[in-house]
Amino acid sequence: MTDYQKSLNEIIKILRVNDAKIIAHYYVDEILQKIAEDTGGFVSDSLEMARFGQQQKESTLIVAGVKFMAETAKILSPEKRILTIDSDATCSLDDGCEFNEFKRFCQKHPDREVVVYANTSAKVKSIADWVVTSSIAVSLIEYLTSMGKKLIWAPDKYLGQYVIDKTGADMKLWDGSCVVHEEFKFTELKDMITKYSDCDVLVHPESPRSIISLANVVGSTTKLIEASKTSKKKYIIVATEKGIFYQMKKLSPNKIFLEAPTAGRGATCISCARCPWMKLNTIDKLLKVFNEKDNEVFLPDDVIRDAKKSLSRMVSFKEKNIINKAS
Ligand code: 13P
Ligand code: SF4
């Protein structure tokens, strides 16, 4: 029996005994995505993870991802026990948007509606009017702009700028960024495109504007995976977290996937396209997930109640949008 099969058998047992299911993000290591798939769990983007979790009959969800994803699952399924694999797995966007500071920022602009990205704490979500993920940011802001709304956007300044460029929205931007996407390098990416001319460039909108300007497709993790599948090109250059390559390669085994460069002039390459917090999720920790009491997510009732309002508005906006597109 392989080591993978041994771990898988043990995890299946742990899940059965504890009435649990795994929901994983595309950015965690390939092996964890495979474990989620092979145990009847789910691998997806941040929004779909929470929506899937909500529909499961199991009383416990194990989130292979980062803290804001586990908190979102708790907000949408407060009756369930939600566990993180490592309670230190956070996100630079979430960490860079401290509740009291953000509240003061909002108070300075009382005439604006508050839109926050899913990559924020539950407490920040609780004072927002809307929560968005990258999958619906442009369509929601387009809608709010058509209603004449002036907005506050937090925390990712690059995604915010991308949305402004696409929609012309009047938005005050919070100064946050993702340590992974911020590191992609323009000149080196341009050189790479010249070298591999038969290529498509797929970019997550948390990347700087200069990187987005070189993209063939810009979108959420789900959109990028779909684009990698439908692309007719031999080379696919990907400017997002490397964990996503597992799903892309599975769908297109004959294409060649290349990481967009993070090294080059001015490079510090702290993350090199790997999210340091996603990497904290490991099989060893998953095997012990029920032994660590810090792994469970607890949120105050009032935070759940208020954050659920802004999150649910996003979920129903997304559902209506899908219906409108289909009809
Ligand atoms: P998605 O919402 O596209 O899954 O992205 C989450 C994230 O953390 C991107 O860095
Ligand atoms: Fe946060 Fe960036 Fe990691 Fe996504 S990749 S979880 S935005 S630090």
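For clarity, every value in this text was computed on a predicted model and none was experimentally measured.

Draft legend 1. Quick look at the site of ligand 2. For ligand 2, the full set of nearby residues is Tyr27, Cys91, Ser92, Leu93, Asn119, Cys178, Val180, Glu206, Cys275 and Trp277. Taken together, the residues that form the shell around ligand 2 break down as seven nonpolar, two polar and one charged.

Draft legend 2. Representation of the packing of aromatic side chains in the model. Scanning the entire structure with this criterion turns up eight aromatic pairs. Taken together, a centroid distance of 4.8 Å and an interplanar angle of 55 degrees make the contact between Tyr196 and Tyr235 tilted. With Tyr196 in the loop between helix H10 (186–195) and strand S9 (199–203) and Tyr235 in strand S11 (residues 235–239), this pair connects stretches of sequence that are 39 residues apart. Overall, the relative accessible area of 18% leaves Tyr235 in the buried class. Site record: aromatic cluster; members linked through ring pairs are Phe102, Phe105 and Trp174. When the ring centre of Trp130 is taken as origin, the NZ or CZ atom of Arg313, which lies over that ring, is 4.2 Å away.

Draft legend 3. Representation of the site of ligand 1 in the model. Around ligand 1, a shell composed of His25, Tyr27, Asp45, Ser46, Asn119, Ser134, His181, His204, Glu206, Ser220 and Thr221 is seen. A distance of 2.7 Å separates an oxygen atom of ligand 1 from a polar side-chain atom of Ser46. Between ligand 1 and Asn119 there is a distance of 3.1 Å, counted from an oxygen atom to a side-chain nitrogen or oxygen. Here ligand 1, which alone exposes 300 Å², has 95% of that area covered by the protein. Among the residues forming the shell around ligand 1, the class breakdown is one nonpolar, eight polar and two charged.

Draft legend 4. Focus on the packing of helix H3 (residues 46–54) against helix H4 (residues 67–76). Across the interface, H3 lies against H4 with an axial gap of 9 Å and an inter-helix angle of 35 degrees. Judged by the twist between their axes, the crossing of H3 over H4 is right-handed. Contact residues: H3 offers Ser46, Met49, Ala50 and Gln54, while H4 offers Phe68, Met69, Thr72 and Leu76. Partitioned by chemical class, the residues of the contact of H3 with H4 number five nonpolar, three polar and no charged.

Draft legend 5. Quick peek at the nonpolar core. Of all hydrophobic cores here, the largest spans 111 residues; its most connected members are Ile22, Ile62, Phe102, Ile141, Trp153 and Leu286. Of all the elements, helix H15 (residues 301–326) adds the most residues to this core, at seven residues. Discounting residues that sit within four places of it in the chain, Ile22 has contacts with Ile11, Leu15, Ile35, Ala36, Thr39, Gly41, Phe42, Ile62, Ala64 and Leu286.

Parameters and conventions
Residues numbered from 1 in each chain as written. Chains lettered and ligands numbered in written order. Predicted model: local features only at pLDDT ≥ 70, side-chain atom pairs only at ≥ 80, totals over all residues. Heavy atoms only, no water. Near = heavy atom within 4 Å. Nonpolar A, V, L, I, M, F, W, Y, C, P; charged D, E, K, R; others polar. Phe/Tyr/Trp six-rings, centres within 6.5 Å; stacked < 30°, edge-to-face > 60°. Helix = DSSP H or I, 4+ residues; strand = E, 2+ residues; numbered from the N terminus. Buried < 20%, exposed > 50% of the residue type's maximum accessible area, 1.4 Å probe, protein only. Lys NZ or Arg CZ within 6 Å of the ring centre and 35° of its normal. Polar contact = N/O pair within 3.5 Å; in protein donor to acceptor, adjacent residues only side chain to side chain. Areas by Shrake-Rupley, 256 points an atom, 1.4 Å probe, with all protein chains shown as cover. Axes fitted to C-alpha atoms, helices over the stretch in contact; angles between N-to-C directions. Left-handed = near helix turned anticlockwise from the far one by under 90°. Contact = heavy atoms within 4.5 Å. Core = buried A, V, L, I, M, F, W, Y, C linked by side-chain atoms within 4.5 Å.

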